[in-house]
Amino acid sequence: MADAVTSQTLVDGEKTAVIKLTNISDGTGESSVLKVDVENLTKNSAGDSCARVAISQVWYDIGGLRVALEFNASSNVVGLVLGGSAAAGTTMGYMDFRSFGGIKNNAGSGITGDIDLTTHGHTAHDHYTIVLELSKTF
């Protein structure tokens, strides 16, 4: 059996994408799993493909584990860590990074522009729901 995960694109516009991620864990967890593939996002009106995204806002509900959102590269770079420990129970929150242009993808060598996800401290029935608002760069 594997973790029950979903990824849903809620909005994919000219400048912004909104992606919802969910997981109900069976205890196996996720390790650098591709969650946002910029090549699959809608092109801009000039026909340019999305090259990178910055995290503008995030809403989350995480129970019993931590989630690392990683910028994909030869060696992934952690962009954001959400959640607490199993002892902390459920962590819910909202973060707004728009005032300074969002959390930019600063991955180095081999950068793809994609976002991966890794869970830490997961056990059976831990969960997350994460909604990411992403600013697109072409």
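Residues numbered from 1 in each chain as written. Predicted model: local features only at pLDDT ≥ 70, side-chain atom pairs only at ≥ 80, totals over all residues. Heavy atoms only, no water.

Section: the sheet that holds strand 7 (residues 90–96)
Condition: Two strands are said to pair when DSSP picks up at least two bridges between them. Here a helix means four or more residues in a row that DSSP labels H or I, a strand means two or more in a row labelled E, and each is numbered from the N terminus. Angles here are taken between N-to-C directions and fall from 0 to 180 degrees, while the axes themselves are lines fitted to C-alpha atoms, restricted in helices to the stretch in contact.
Pairing is antiparallel in the open sheet, where five strands are placed in the order 1-2-9-4-7. Single-partner strands in this sheet number two, and they are strand 1 (4–12) and strand 7. Neighbour-to-neighbour, the strand axes of the sheet open up by a mean angle of 20°, direction not taken into account. In this sheet, strand 2 (residues 16–26) lies alongside strand 1 in antiparallel orientation, the contact comprising eight bridges. Paired with A4 across the two strands is I24, which belongs to strand 2.

Let's talk about the pattern of salt bridges
Short version of the rule: For this document, the term salt bridge refers to a Lys or Arg side-chain nitrogen within 4 Å of an Asp or Glu carboxyl oxygen. Note on exposure labels: buried denotes an accessible area under 20% of the residue type's maximum, exposed denotes more than 50%, and partly exposed covers the range between, all computed with a 1.4 Å probe on protein chains only.
One pass over the full model with this rule turns up three salt bridges. Of the charged contacts in the structure, one is a salt bridge between D12 and K136, with a shortest N-O distance of 2.7 Å. Here D12 is found in strand 1, whereas its partner K136 is found in strand 9 (residues 124–137), with 124 residues between them in sequence. With relative accessibility at 8%, the residue K136 sits in the buried group.

A word on the confidence of the model for the chain
Convention followed: Confidence of the prediction at every residue is given by pLDDT, a number between 0 and 100.
Counting all residues, the mean pLDDT for the chain is 95, and 96% of those residues have values of 70 or more. Confidence, read as mean pLDDT per element, is least for strand 7 in the chain (93) and greatest for strand 3 (residues 33–36) (98).

Describing unusual backbone geometry
Here the phi dihedral of S32 falls at roughly 50°; this positive angle occurs in a residue that is not glycine. Mapped onto the fold, S32 is located in the loop between strand 2 and strand 3. Residue classification places S32 among the partly exposed residues on the basis of a relative accessible area of 36%. Phi angles above zero are rare outside glycine, and H125 is one such case at about 75°. Within the fold, H125 resides in strand 9.

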